[in-house]
Amino acid sequence: MNVLIVDDEPLARERLSRMVGELEGYSVLEPSATNGEEALALIDSHKPDIVLLDIRMPGLDGLQVAAKLCERESPPAVVFCTTRDDFPPEVLQAGAVGYLIKPVTAEALVEALRKAERPNRVQLAALTRPAAESGSGPRSHISARTRKGIELIPLNQVVYFIADHKYVTLRHESGEVLLDEPLKALEDEFGERFVRIHRNALVARERIERLQRTPLGHFQLFLKGLNGDALIVSRRHVAGVRKMMQQL
């Protein structure tokens with residue numbers, strides 16, 4: 001099995017390379033990758049069976065690299081190398097990809113490599129879904145294709161979704177991205193955390209600040225994180241929004 005090591009820390013790369021090289025049946029691909037961009041290039045050219053992928057790196061981090069790999073027809077198996085503070089526990093427990101906690105021990109490395117299988121795109125995409133008793137559940141991150149590549153936006157940073165023709169605008173704490181997911185599908189998946197205020201708008205329940213009637217009789221919803229901007233609430237949804245706000 002060919003193993004590619006991806007880590008921006010030279011000592012970490014050298015240590016993992018030495019540990020893997022001592023194991024029978026595994027060979028370390030050279031050169032190793034120091035960042036996400038190098039990792040994707042080496043994966044394309046060397047076709048590794050397994051990638052030992054650091055999560056926290058400058059530029060493309062491990063999550064973004066994994067998100068790009070989920071587009072591939074035959075992605076390698078991915079084993080994340082991380083600290084306990086770098087990755088949400090619910091994602092680590094999802095079981096879609098393997099993980100190693102730094103400092104990596106020889107025993108843990110052997111177990112992770114032996115369990116590593118070549119995941120399909122659905123399995124890699126599951127890294128954005130928390131573990132649940134049923135084995136599935138709402139995603140913890142939303143992936144969006146931008147000029148930077150594929151960005152993963154934590155769901156708790158999303159302020160609203162607004163549909164406009166064939167695309168949906170996701171507004172988050174640091175800006176906006178476009179999604180090609182239907183608004184109805186987002187509502188079905190995240191209905192417990194978002195409420196519909198208009199036929200084309202879903203807002204995060206926890207972001208709701210106040211509902212206000214304008215002099216013309218329209219209703220505006222003010223949301224935390226919008227710097228005073230407000231969204232229009234359609235008349236058919238006003239009662240539902242008021243009821244929901246009473247329960248907050």
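The name that an unreviewed UniProt entry assigns to the protein is DNA-binding response regulator, with the source organism given as Pseudomonas rhizophila.

Caption draft 1: Spotlight on the sheet that holds strand E10 (residues 175–179). In spatial order, the strands read E10-E9-E8-E12-E11; together these five strands make up an open sheet with antiparallel pairing. Lying at the two open borders of the sheet, with one neighbouring strand each, are E10 and strand E11 (194–198). Within the sheet, the average angular offset between the axes of one strand and its neighbour, ignoring direction, is 20°. With three bridges joining them, strand E8 (residues 158–164) and strand E12 (residues 201–204) adopt antiparallel strand pairing. The residue of E12 that forms the bridge with Ile 162 is Ala 201.

Caption draft 2: Seen up close, the confidence of the model for the protein. A residue-level look at the protein finds 83% of positions with pLDDT of 70 or above and a mean pLDDT of 83. Considering only residues more than four positions removed or in separate chains, one finds that residues 88–96, a stretch of pLDDT under 50, has 16 contacts. Every residue in residues 130–135 is under pLDDT 50, and counting partners more than four places away or in other chains gives seven contacts.

Caption draft 3: Fine view of the sheet that holds strand E13 (residues 208–213). Pairing in this open sheet of three strands is antiparallel, and the strands run E13-E14-E15 from one edge to the other. Each edge of the open sheet is held by one strand with a lone partner, namely E13 and strand E15 (230–233). Pairs of neighbouring strands in the sheet enclose a mean axial angle of 30°, with direction left out of account. Taken together, the five bridges between E13 and strand E14 (residues 219–223) define a ladder with antiparallel strand orientation. Residue pairing in the sheet places Ile 208 in a bridge with Leu 223 of E14. Against the sheet, helix H8 (residues 235–246) makes contact with E13, E14 and E15, and its axis sits at roughly 135° relative to E13, the strand it touches most.

Caption draft 4: Geometry of helix H5 (residues 106–115). Those residues of H5 that sit buried are Leu 109, Ala 112 and Leu 113. Projected down its long axis, H5 shows its buried positions confined to an angular sector of 95°, all on one face. Opposite the buried face of H5, at more than 90 degrees from it, the exposed residues are Glu 107, Arg 114 and Lys 115. Turning to H5, the residues buried within the fold contact strand E1 (2–6), helix H1 (10–21), strand E3 (50–54), strand E4 (77–82) and strand E5 (98–101).

Caption draft 5: Inspection of the UniProt feature "modified residue: 4-aspartylphosphate" (unreviewed entry) in the protein at higher detail. Residues annotated in UniProt with the feature "modified residue: 4-aspartylphosphate" (unreviewed entry) correspond here to Asp 54. Relative to the helices and strands, Asp 54 resides in strand E3. Contact partners of Asp 54, with chain neighbours within four places excluded, come to Val 6, Asp 7, Asp 8, Gly 62, Cys 81 and Lys 102.

Caption draft 6: Region of the structure containing the pairing of E14. Burial within E14 is extensive, with four of its five residues counted as buried. What sits between the antiparallel neighbours E13 and E14 is a turn of five residues, in which Gly 217 has the positive phi angle 95°. Note that E14 and E15 share four bridges and pair antiparallel. Across the sheet, residue Phe 222 finds its bridge partner in E15, namely Ala 230. Between E14 and E15, which follow one another and run antiparallel, lie six residues, and Gly 225 among them has a positive phi close to 100°.

Caption draft 7: View of the pairing of E12. What you see with E12 is no split at all: Ala 201 and Val 203 on one side and Leu 202 and Ala 204 on the other are buried throughout. In terms of strand pairing, E11 meets E12 through four bridges, oriented antiparallel. Across the sheet, residue Arg 196 finds its bridge partner in E12, namely Leu 202. In this structure, the hairpin formed by E11 and E12 is closed by a connection of two residues.

Caption draft 8: Here's a closer look at the pattern of salt bridges. What the rule picks out here adds up to six salt bridges. Close ionic contact of Asp 7 with Lys 102 constitutes a salt bridge, the shortest N to O distance being 3.0 Å. Taken together, the residues Asp 7 in the loop between E1 and H1 and Lys 102 in the loop between E5 and H5 connect sequence positions 95 residues apart. Of the residues examined, Asp 7 reaches a relative accessible area of 1% and is grouped as buried. Measuring nitrogen to oxygen at the nearest pair gives 2.7 Å for the salt bridge that ties Asp 188 to Lys 184. Taken together, the residues span about one helical turn, with Asp 188 and Lys 184 both in helix H7 (residues 183–190) at a distance of four residues.

How each quantity is defined
- Residues numbered from 1 in each chain as written.
- Predicted model: local features only at pLDDT ≥ 70, side-chain atom pairs only at ≥ 80, totals over all residues.
- Heavy atoms only, no water.
- Pairing = 2+ DSSP bridges.
- Helix = DSSP H or I, 4+ residues; strand = E, 2+ residues; numbered from the N terminus.
- Axes fitted to C-alpha atoms, helices over the stretch in contact; angles between N-to-C directions.
- pLDDT = per-residue confidence, 0-100.
- Contact = heavy atoms within 4.5 Å.
- Buried < 20%, exposed > 50% of the residue type's maximum accessible area, 1.4 Å probe, protein only.
- Arc of directions from axis to C-beta.
- UniProt positions renumbered as here; feature names shortened; annotations may be inferred.
- Salt bridge = Lys/Arg side-chain N within 4 Å of Asp/Glu carboxyl O.

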